[in-house]
Amino acid sequence: MVTSPIHLSAQYGLGFAGHEAVLDQRTGLDVSSGKQICFDGEAELSFELSFMPNRTDYFGYVVRIIANDKTNIDLLYDRLDNVEKHFKIVLGDKFSNIAFNIDSSKLFKEWVRIAIKLDAKSGLLTVTCGDNVYTGKLAIGTQSCLKVLFGYNDYKTFKTTDVPAMKIRNVQIRKGKRLAHHWPLDEEEGKEIADVVGRMTASAINPQWIKRSHYEWGLLADVKISGRASTAFDPRAESVFIVGRDSLMRIHVPTGERTVFKYQSGPLLLINGSQSFFDTLTNRLLNICIDQQTVSVFDFQSLRWSENFTYPGEGTSYLHFNKFQSPIDSGLYFIGGYGHFLFKNDIHRYGPNGQWDLLTTGGDPLTPRYLAAVGATPDGAYILGGYGSVSGQQMLNPKHIYDLVFFDVKNKTLAKIYEFDAGEEGFAWANSLIIDEKSNQFYGLVFPKNRYHSNLQLVAGSLTKPGLTELAAPIPYFFYDIQSFSDLFYCPGSKRFGAATLLYSEQEETTAVKMYALSSPPLPYDAVGGPPGRTRKTWNLLYIGLGAVGLLGVWVLLRKWNLKNRRVPVGTQSATGYKEDRPRHPVVPEQQPDKRSIFLFGGDLQLFDSEGADMTRSFTPLIKELFLVILLHTLRRGRGISSEKLTEQFWFDKSAESARNNRSVNIAKINAILERLGSAKISKETGYWKFQADDDSYIDYKNYLAIVTNKDMLNKERIQELSAIVQRGGFLSETDYEWLDTFKGEVSIQVINTYMRFAEHVKITEDPEFMVELANNIFYFDPVHEEAMTIKCKALAYMGNHSLATQTFENFCNEYRHIYGEEFGKDYRTILS
């Protein structure tokens with residue numbers, strides 16, 4: 001059941017990335033940030049703790065207190081199954097007599113206050129957890145200084161990388177009875193945390209701010225699947241299945257972990273309009289084609305589908321149909337759809353014995369439709385909105401539909417509950433509704449269907465009266481009618497929403513699938529004021545459609561403010577990651593001036609003027625994209641981009657004169673901003689718009705191209721320069737334009753090829769440490785790159801680090817199995833030979 005009340009004040013804290021992340025992306029908090037907290041006689045640390053559900057490993061250090069740089073006092077969580085008390089206090093290198101447990105119903109669902117009191121005068125250590133108090137002996141000086149480190153830390157000889165998947169907030173330190181410091185941890189971005197009582201700023205490493213996760217969708221996956229892919233959701237395992245032609249992928253929503261299953265039964269001949277569904281009553285994954293009245297069942301043991309479809313078929317009459325399963329009769333119900341210029345209001349039932357029925361219903365009539373949303377309840381299902389016509393014919397006045405209808409499974413009746421009072425700007429729905437009957441409300445995703453560059457907006461509504469409340473930031477969505485699909489899921493255990501967008505390419509015969517996740521309860525997102533506003537904003541339908549596109553642009557810009565300082569590996573990092581501690585690379589820093597510079601690596605576009613001031617905020621979403629198009633076509637293609645191409649991309653719906661005026665106005669705005677860079681400007685030469693700047697301006701992508709496109713100039717220094725550029729962060733990884741995908745994909749390929757081209761001409765024995773660094777850099781782009789693994793294993797073995805070499809090989813094999821669903825075909829000796 002979805003948590004319904006939205007308490008802005010309750011949704012805050014710091015989340016910790018633990019074992020699900022690679023070592024250098026785990027979260028740590030140093031409350032004294034380079035300083036120490038000194039006290040005389042008695043001090044107490046207190047904080048609120050909660051664990052994130054559905055993680056595979058919780059072992060690690062909740063907090064490490066270091067007294068006088070000598071004695072560590074650790075609160076450790078032990079995940080062993082054969083012990084009763086999982087929380088333990090460690091003093092130095094020994095367990096103390098203090099050990100306790102927290103009931104899982106509280107640990108995973110509530111905030112639990114823990115206090116650790118150090119009484120140097122009495123020689124006592126007291127731990128309070130809820131109503132329970134535990135005491136032990138403590139031997140430190142009466143005048144002591146402390147370091148307080150939560151989770152991951154890199155402090156002197158007390159380094160730790162084992163981090164539980166936890167959340168903390170309201171960290172306080174008392175000296176005697178006086179509250180000396182308080183860090184609420186209610187930030188939404190950044191790495192520095194204010195002390196609201198004292199003046200000691202805390203610092204975080206790889207912070208995961210909880211409040212942000214309640215209004216900003218996180219990207220879980222961005223993959224391409226063969227064939228006309230479809231998705232299915234298993235709410236008990238909290239996993240989404242992406243069914244493709246040759247294989248299927250399972251994505252665990254709470255962690256993002258992926259598993260690939262390659263079919264042993266040959267290709268599944270996916271038909272246009274088919275959908276997938278996970279039957280929770282029989283624990284089966286299904287693929288459904290209404291036109292052929294065929295349901296194929298996947299066997300996870302044999303990796304085979306029970307049925308195949310007649311391919312390519314004769315088209316479909318049920319595109320974007322809705323579906324649900326009823327516990328009353330274990331039947332699957334399929335509602336509506338579109339095909340052959342006809343909208344449908346059919347309700348089909350597929351029974352547990354394999355029989356198909358076309359139902360006759362009573363009650364209110366159901367307008368033929370598609371692009372509606374359906375949410376199941378124990379008694380039936382709610383059907384909301386869509387696009388269709390009273391006659392069912394596409395040529396006879398089709399329009400948006402705004403009614404909420406309930407389908408009673410037992411009585412086979414339809415009852416209209418209410419109808420929205422819509423404005424001129426219409427919208428459609430993603431396929432599923434999340435129903436919360438306890439709070440009498442629903443959640444769904446809406447989008448304007450008249451735009452290709454569309455977006456999905458999460459909304460909440462009542463089951464009894466019209467009205468919608470907009471929640472969270474929009475999700476980018478490329479809508480191309482029958483080639484696109486979107487859906488919404490809810491994970492009851494981890495309290496997270498999931499969203500999927502699909503776009504099929506007939507040319508490539510692949511489906512681009514993106515998965516997103518959002519913590520529940522979702523918070524309102526105020527696009528004008530930035531992060532969530534103070535009040536909930538209820539919209540008329542007119543304003544939802546009009547506001548969504550504008551919200552998307554602001555959302556992209558706001559993400560940059562948070563991510564610009566975070567180190568983001570370029571390319572896709574696997575869900576499992578490598579377990580060994582990758583060395584921090586002693587690269588030669590590339591010259592990255594603060595003045596007159598443009599950065600494309602680091603997550604999003606950044607520009608600094610001649611005074612060193614960040615001028616990125618001057619760009620609106622439109623002129624930012626326009627600037628990037630011209631800049632990239634200038635630097636990468638050499639000649640720039642034509643006016644015709646710009647019109648086609650930005651002003652295809654305008655007249656020639658209107659497009660020309662829009663282009664001139666927006667380029668003038670760009671040049672007004674670029675004046676602050678010095679001589680940089682956009683100009684038109686020989687029919688093409690180009691970016692021009694003098695040699696004093698720094699552009700990281702320009703320097704990157706100079707390295708990767710000059711094969712004969714590669715040496716160790718150039719490779720280190722390349723590493724310094726790409727390790728700043730992903731190439732526009734937080735910017736999502738369809739045309740940009742080609743540039744992004746090219747970067748990954750070029751970087752790997754450049755590293756490998758250098759490696760081919762260097763003997764491992766000449767510089768084994770550097771070759772390990774080089775292999776690690778490749779792993780950031782491709783975690784199962786066989787040549788990189790071979791280089792690293794040989795280099796480690798040459799240096800005598802045989803255990804690390806073996807571990808590298810084992811981790812590679814695990815990663816390979818995780819991604820491809822099969823064993824790596826070579827053994828360790830073969831790799832070294």
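Structure first, text after, so check above.
Residues numbered from 1 in each chain as written. Predicted model: local features only at pLDDT ≥ 70, side-chain atom pairs only at ≥ 80, totals over all residues. Heavy atoms only, no water.

Visitor: Could you give an account of the overall build of the protein chain, naming the residues involved and the relevant values?
Guide: The helix and strand tally for the protein chain stands at 13 helices and 51 strands. Within the protein chain, the proportion of its 833 residues that are buried is 58%. For the protein chain, the proportion of contacts with a sequence separation of at least 24, taken over those separated by at least 6, is 61%. Within the structure as shown, the protein chain displays about 35,200 Å² of accessible surface, and the carbon and sulfur contribution to it stands at 48%. (Helix = DSSP H or I, 4+ residues; strand = E, 2+ residues; numbered from the N terminus. Buried < 20%, exposed > 50% of the residue type's maximum accessible area, 1.4 Å probe, protein only. Contact = heavy atoms within 4.5 Å. Areas by Shrake-Rupley, 256 points an atom, 1.4 Å probe, with all protein chains shown as cover.)

Visitor: Tell me about the packing of aromatic side chains, residues and numbers included.
Guide: Summed over all chains, the structure comprises 55 aromatic pairs. Plain terms: the ring middles of Y402 and F427 are 5.6 Å apart, the flat faces sit at 55° to each other, and that makes the pair tilted. In this pair, Y402 is assigned in strand β35 (residues 399–408) and F427 in the loop between β36 (413–419) and β37 (428–429), connecting sequence segments 25 residues apart. The exposure classification of Y402 matches that of F427, with both residues buried. For the pair F601 and Y704, a centre-to-centre distance of 5.3 Å together with 55° between the ring planes defines the contact as tilted. Separated by 103 residues along the polypeptide, F601 in the loop between β46 (597–599) and β47 (606–608) and Y704 in helix α7 (residues 700–708) bring together distant segments of the chain. Taken as a pair, F601 and Y704 share a single burial class, namely buried. Over the face of the ring belonging to Y387 we find K449, whose NZ or CZ atom lies 4.2 Å from the ring centre. (Phe/Tyr/Trp six-rings, centres within 6.5 Å; stacked < 30°, edge-to-face > 60°. Lys NZ or Arg CZ within 6 Å of the ring centre and 35° of its normal.)

Visitor: Got a sec to walk through the environment of H19? Specific residues and values, please.
Guide: Here H19 is to be found in the loop between β1 (14–15) and β2 (28–30). Here the alpha-carbon distance between H19 and T161, two residues 142 residues apart in the chain, equals 8.8 Å. In this structure the side chain of H19 is engaged in a polar contact, spanning 2.7 Å, whose partner is the backbone oxygen of F59. (Polar contact = N/O pair within 3.5 Å; in protein donor to acceptor, adjacent residues only side chain to side chain.)

Visitor: Explain the environment of L342 to me, using residue names and the numbers behind them.
Guide: By secondary structure assignment, the location of L342 is in strand β29 (residues 342–350). Overall, L342 belongs to the partly exposed group, its relative accessible area being 34%. As for L342 and G388, which are separated by 46 residues in sequence, their C-alpha atoms are 8.6 Å apart. Beyond its immediate stretch of four places on either side in the chain, L342 contacts G337, G392 and Q393.

Visitor: Give a detailed account of the side chain of D403, specifying residues and quantitative values.
Guide: With respect to the element layout, D403 can be found in strand β35. Classification of D403 as buried rests on a relative accessible area of 7%. A polar contact of 2.8 Å, which involves the side chain of D403, links it to the side chain of R369. The contact partners of D403, leaving out residues within four places of it in the chain, are R369, I383, L384, G385, K416, Y418 and E419.

Visitor: Quick one: what's the story with the pairing of strand β50 (residues 688–692), residue by residue and with numbers?
Guide: Where burial is concerned, the two faces of β50 differ: the one with W689 and F691 is buried and the one with Y688, K690 and Q692 is not. Direction of pairing for strand β48 (residues 641–642) relative to β50: antiparallel, over a ladder of two bridges. The partner of S642 across the bridge, within β50, is Y688. Inspection of the sheet shows strand β49 (residues 681–685) paired to β50 by five bridges, in the antiparallel sense. Each residue of the ladder has a partner; that of E685, found in β50, is Y688. (Pairing = 2+ DSSP bridges.)

Visitor: Go over unusual backbone geometry, please, and point to the residues and values.
Guide: Here the bond from S520 into P521 is cis, since omega is 0°, no more than 30 degrees from zero. Tracing the sequence through the fold places P521 in the loop between β44 (510–519) and β45 (538–539). A positive phi angle, near 60°, is found at H320, a position not held by glycine. Counting through the fold element by element, H320 comes out in the loop between β26 (304–305) and β27 (322–325). Of note, D481 is a non-glycine position whose phi angle comes to about 50°, a positive value. Along the chain, the position of D481 falls in the loop between β41 (468–478) and β42 (484–491). Of the residues examined, D481 reaches a relative accessible area of 27% and is grouped as partly exposed.

Visitor: Break down the sheet that holds strand β51 (residues 698–699) for me, with residues and values.
Guide: Strand order in this open sheet of three strands is β47-β46-β51, and the pairing throughout is mixed. Each edge of the sheet is formed by a strand with only one pairing partner; in this case those strands are β47 and β51. Bridge count between β46 and β51: two bridges; the pairing is parallel. The residue bridging S597 from the neighbouring strand is Y698, located in β51.

Visitor: Please give an account of the nonpolar core that cites residues and values.
Guide: One finds I598, L600, F627, Y701 and Y704 to be the most contacted residues of the largest nonpolar core, which totals 83 residues. Counting residues per element, this core draws most heavily on helix α10 (residues 768–781), at nine residues. Residues contacting L600, with those up to four places away along its chain left out, are L605, L628, L631, L632, D700, Y701, G730, F731 and L732. (Core = buried A, V, L, I, M, F, W, Y, C linked by side-chain atoms within 4.5 Å.)

Visitor: Please provide a residue-by-residue account of helix α4 (residues 621–637), values included.
Guide: Note that an α-helix has 3.6 residues per turn; residues three or four places apart therefore point the same way. In this model α4 runs 23 Å from its N-terminal to its C-terminal C-alpha over 17 residues, within 8% of the 24 Å that 1.5 Å per residue would give. Counting buried residues along α4, twelve of its 17 residues qualify, which places the element largely inside the surrounding structure. G638 lies just past α4 and shows a positive phi near 95°. (Expected span 1.5 Å × (residues − 1).)

Visitor: Break down the sheet that holds strand β43 (residues 496–505) for me, citing the residues and quoting the values.
Guide: Across the sheet, four strands lie side by side as β18-β44-β43-β42; this open sheet has antiparallel pairing. Bordering the open sheet on either side are β18 (218–226) and β42, each of which pairs with just one other strand. For this sheet the average axis-to-axis angle between neighbouring strands, irrespective of direction, equals 15°. Pairing of β42 with β43, which is carried by eight bridges, proceeds in the antiparallel orientation. Within the sheet, the bridge partner assigned to F485 lies in β43 and is L502. (Axes fitted to C-alpha atoms, helices over the stretch in contact; angles between N-to-C directions.)

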